[in-house]
Amino acid sequence: MLLFCFFLSCIGTIAPSWRVVCRATLMQALLLAGTFVWLVDAFLTRRCTLELVALNTHPDEPALYRLMGALGTYEGSLLFFTLLIGGYGALYAIRSPKETLTLRVQNLIVSLLLSFMASVSNPFRPLANSTLVGSFNPLLEDSAMSFHPPLLYFGTTGLSLVFSITCAALFEHWPVQRWVERIRPWLLLAWALLTLGVVSGSWWAYYQFGWGGYWAWDPTENTALAPWLLTCVLFHLLPTIMRTGRFWAFVSFLGLACFVVALLGTFLVRSGLLISVHAFGVNQERTWGLLLINAVLILLGALAWLKHCNQPHIHPLVKRESIVFLAMIMLFVSFAIICLGVLIPLVAPVSIQASFYVRACLPFAATALFLLPLAIRAPQFSHLVPFGLLALCVALYPLLAHTYVWCLPLGLFLCVWIILATLRDCKRPRMWGRMIAHIGLGILIFGITAMASWQKEALVSMQPGDHFTFNGQHFTFTKLEEQSGEDYQALTATITTDDHNVFRPQLRHFPSSKQTTIQSALHTSWLSQTIIALSVREDNQALLCHITYNPFVLCIWLGGVGMACGILFAMISRVYEHFH
Amino acid sequence: MSIFTRKRRRRLWILLAVALAFSACMFFILCTLRDSIVFYRTPSELVGNPQLNIPHKSIRVGALVAHGSLHSLPDGRISFQLDDGAHHITVRYRGLLPSLFAEGRGAVVEGRFHQDHIFYATTVLAKHDANYRAPK
């Protein structure tokens, strides 16, 4: 079946006429979907004749996690990835007819992935040794597993279409307006899904103990942020290039680079070349195929890019466009810094501390954020003066309260400055998408600032009956009990506060894999959260308890989801306008 | 005189300004980078070369957690040994160990040596198995 798909994608790549290419694309997408459904079914029914299924499922495992096993394993995720790329191709074939070259490039990507899968990473390899019994990694037995990886896959694969359209535009010398019209909805869709994927990953890393909080500048996180930043830069330059035709070389480079960077990041973290705390299918030897595919795509992209002709400059830049361009250059520099930090450990036996990214990116990102209201309100800067003064007052307020954390005034200023300036858009319904996304950004900045300046944590060693005080609250460790769950044994502590909030952090032991995981307990009051995680000490059964107070932490995900909603709103409203 | 037309002079200034901004950015980024690089060592490298233990400079050490070496100290710290087959170092840490941390498995610690030749870790990371499925 895979071979047949491969055959179809080859036809889709080289066939001469539009009708054949289009039909091959649609058929191949359907066939890939059928193949994937078959694999999912094999996981759900635990059909152990397949090596992949036998090694990654366990009879005691709940059905949801078996389903996720199909997505989470190396071979399964690759099949899903290929299916999505084929699916995007099919959608594009239905929506924008007669664009043969775009579909050819898209089919080329599918055929490369399929040939890689068929040769070295076949998910349907039969089982040779029938005594093997495996299990799914218990660290990933979490509901977030069901939406975080699929969202990221949806976003990344959407960028493949951006790559294909840009390639076609460069090879066929499209007028730049046509390119912008074609690319805009797909770019927005991919960007929104990528945003949701990154935000959900950040949420998972936050409540899972030991993954370094909501953002730890881990290689995995950085390689997801890098294409996000590129997509952001690309999208913000679209209006400029649409009107003036300037920066075509840079913008088309971005269009090609988004997907290549995303795929390169996938290769880097999946090959095990970079040490990451996040668990997923890693495979040292076979992953080099991904690098090969990437090399082909880079070659194709480079060919297309070198062929590009200069677009005629229709109009000179206006103030707003120059400001946007400057801000986007700042974001591009942040992207370059992240790439530098990710790539250095590959060439030298060093690791880069998280503080590097914060300290190096902050001046550039802060400048870009400062320019945001200027760009929105240009050229009438006088409207901004009251907002600026108000934001300055808010920013200086913590100094009166004798809080001298340097990032607090900066963060408060930026968030008030951005939110106030974008709120003026509410009179123009066409701009609501932009408004929602930028207000989300402001809320996100507030959440990060609050976490950086007001977070508190403590480490307490205690036994049942003990009391302790943290952040002005009294906690009592009332009891410790053993329970058994679906496929694990749990040790549960009960900790109560004065106002009768109950925390039940757990230690779960999975006999099937001989692993112990820490399940933290959290209590939410408005937008702030208190989290308790625990571990047993070897000697006298006393517990070591890690407790953190995270002020306004929910703003981070509220803002992130707001950004994604704004982007989706912008896409849907434009498509709606198009049809009416 | 005719070489420096108004247009060319303007371009020259822009080029100079861009070059200046670029080098200033590079200087700033590289300075930040120099302060945040942490060297990655193995116990054998550290035991063989005492000059690698620069005081007050954070390093990362990666190896296997030795069997039978994990225990708690009276002051609440956790002590274990990292062994790469040839040499081992003693590590002390105060905090919760990550979910995948166990004797016989790989771990990466970040911290520094004190005068007593004991490594005081500020961060402990467990290296997960190279496969997606749970280790046996």
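Residues numbered from 1 in each chain as written. Chains lettered and ligands numbered in written order. Predicted model: local features only at pLDDT ≥ 70, side-chain atom pairs only at ≥ 80, totals over all residues. Heavy atoms only, no water.

> Report on the overall build of chain B, specifying residues and quantitative values.
For chain B, the helix and strand inventory stands at two helices and seven strands. Seen in sequence order, chain B has helices and strands lined up from the N terminus as α-β-α-β-β-β-β-β-β. Scored against the burial criterion, the 136 residues of chain B give a buried share of 40%. Partitioning the intrachain contacts of chain B with sequence separation of at least 6 by distance along the chain shows that 46% fall at a separation of at least 24. Counting every atom, chain B has about 8300 Å² of accessible surface; 61% of that belongs to carbon and sulfur. (Helix = DSSP H or I, 4+ residues; strand = E, 2+ residues; numbered from the N terminus. Buried < 20%, exposed > 50% of the residue type's maximum accessible area, 1.4 Å probe, protein only. Contact = heavy atoms within 4.5 Å. Areas by Shrake-Rupley, 256 points an atom, 1.4 Å probe, with all protein chains shown as cover.)

> Tell me about the pattern of salt bridges, and name the residues and values.
All names here are of chain A. According to the stated counting rule, one finds 10 salt bridges over all chains in the structure shown. Among the salt bridges present, the one from Glu-99 reaches Arg-182, with a minimum N-O distance of 2.3 Å. Here Arg-182 lies in helix α8 (residues 176-207) and Glu-99 lies in the loop between α5 (74-95) and α6 (100-120), a separation of 83 residues in the sequence. You can call Arg-182 partly exposed: its relative accessible area is 25%. Here Asp-425 makes a salt bridge to Arg-377, at a shortest N to O gap of 3.3 Å. Of the two residues, Asp-425 is situated in the loop between α15 (407-423) and α16 (432-454) and Arg-377 in helix α13 (residues 354-377); the sequence distance between them amounts to 48 residues. Arg-377 shares its class with Asp-425; the two are buried. Where salt bridges share partners, they join Arg-377, Asp-425, Arg-428 and Arg-434 into one cluster. (Salt bridge = Lys/Arg side-chain N within 4 Å of Asp/Glu carboxyl O.)

> Would you mind going over the side chain of Thr-244 of chain A in detail, with residue names and values included?
Residue and element names in this part refer to chain A. Along the chain, the position of Thr-244 falls in helix α9 (residues 219-244). Residue class for Thr-244 comes out buried when judged on its relative accessible area of 0%. Separated by 2.8 Å, the side chain of Thr-244 and the backbone oxygen of Thr-240 make a polar contact. A polar side-chain atom of Thr-244 sits 3.2 Å from the main-chain amide nitrogen of Arg-246. (Polar contact = N/O pair within 3.5 Å; in protein donor to acceptor, adjacent residues only side chain to side chain.)

> Provide a residue-level description of the state of the cysteines, including the pertinent values.
Residue and element names in this part refer to chain A. For the coordinates displayed, the defined rule picks out zero disulfides over all chains. Here Cys-426 is not disulfide-linked; the sulfur of Cys-415 is the nearest cysteine sulfur, at 18 Å. In this structure Cys-565 is not part of a disulfide, and its nearest cysteine sulfur, from Cys-555, lies 15 Å away. You can call Cys-565 partly exposed: its relative accessible area is 42%. (Disulfide = S-S within 2.5 Å.)

> An account of the confidence of the model for chain B is requested, with residue identities and associated values reported.
Chain-level statistics for chain B give a pLDDT mean of 80 and a share of 86% at 70 or above. Overall, residues 130-136 of chain B carries pLDDT values under 50, and its contacts beyond four positions in sequence, including any with other chains, amount to 27 contacts. (pLDDT = per-residue confidence, 0-100.)

> Talk me through unusual backbone geometry; I want residue IDs and the actual numbers.
Residues and elements named next belong to chain A. Positive phi outside glycine occurs at Phe-247, with the angle close to 60°. For Phe-247, the location among the structural elements is in the loop between α9 and α10 (248-270). At His-500, a position not held by glycine, the phi torsion is positive, near 60°. By the secondary structure assignment, His-500 is in the loop between β5 (489-497) and β6 (502-503).

> Requested: an account of the packing of helix α2 (residues 18-44) of chain A against α6 of chain A, with residues and values cited.
Residue and element names in this part refer to chain A. Where α2 meets α6, the closest approach of the two axes is 10 Å, and the angle between their N-to-C directions is 40°. For the pair α2 and α6, the sense of crossing is left-handed. Here Trp-18, Val-21, Cys-22, Thr-25, Gln-28 and Leu-32 of α2 come into contact with α6, specifically with Thr-100, Leu-103, Arg-104, Asn-107, Val-110 and Leu-114. Considering only residue class, the contact of α2 with α6 consists of seven nonpolar, four polar and one charged. (Axes fitted to C-alpha atoms, helices over the stretch in contact; angles between N-to-C directions. Left-handed = near helix turned anticlockwise from the far one by under 90°. Nonpolar A, V, L, I, M, F, W, Y, C, P; charged D, E, K, R; others polar.)

> Go over the packing of aromatic side chains, please, and point to the residues and values.
Residues and elements named next belong to chain A. Under the defined criterion, the tally for this structure stands at 33 aromatic pairs over all chains. Ring centres of Phe-80 and Phe-154 lie 6.1 Å apart, and the angle between their planes is 90°; this geometry places the pair in the edge-to-face category. Here Phe-80, found in helix α5, pairs with Phe-154, found in helix α7 (residues 148-171); they are 74 residues apart in sequence, far enough to count as distant. Under the relative-accessibility criterion, Phe-154 is labelled partly exposed at 32%. Summarising the aromatic geometry, the rings of Trp-217 and Tyr-357 are spaced 5.1 Å apart at their centres and angled 10° between planes, so their arrangement reads as stacked. Here Trp-217, found in the loop between α8 and α9, pairs with Tyr-357, found in helix α13; they are 140 residues apart in sequence, far enough to count as distant. The pair Trp-217 / Tyr-357 is uniform in exposure class, with both members buried. Each residue in the set Phe-36, Phe-80, Phe-81, Tyr-153 and Phe-154 is aromatic and connected to the rest through ring pairs, giving one cluster. Against the face of Trp-174 rests Arg-178, its NZ or CZ located 4.0 Å from the ring centre. (Phe/Tyr/Trp six-rings, centres within 6.5 Å; stacked < 30°, edge-to-face > 60°. Lys NZ or Arg CZ within 6 Å of the ring centre and 35° of its normal.)

> Hey, could you go over the side chain of Arg-60 of chain B for me, with residue numbers and the actual values?
With respect to the secondary-structure elements, Arg-60 of chain B resides in strand β2 (residues 59-65). Judged by its relative accessible area of 17%, Arg-60 of chain B falls in the buried class. A distance of 2.9 Å separates the side chain of Arg-60 of chain B from the side chain of Glu-110 of chain B, its partner in a polar contact. Discounting residues that sit within four places of it in the chain, Arg-60 of chain B has contacts with Ser-351 of chain A together with Val-38, Phe-39, Tyr-40, Arg-41, Val-108, Val-109, Glu-110 and Leu-125 of chain B.

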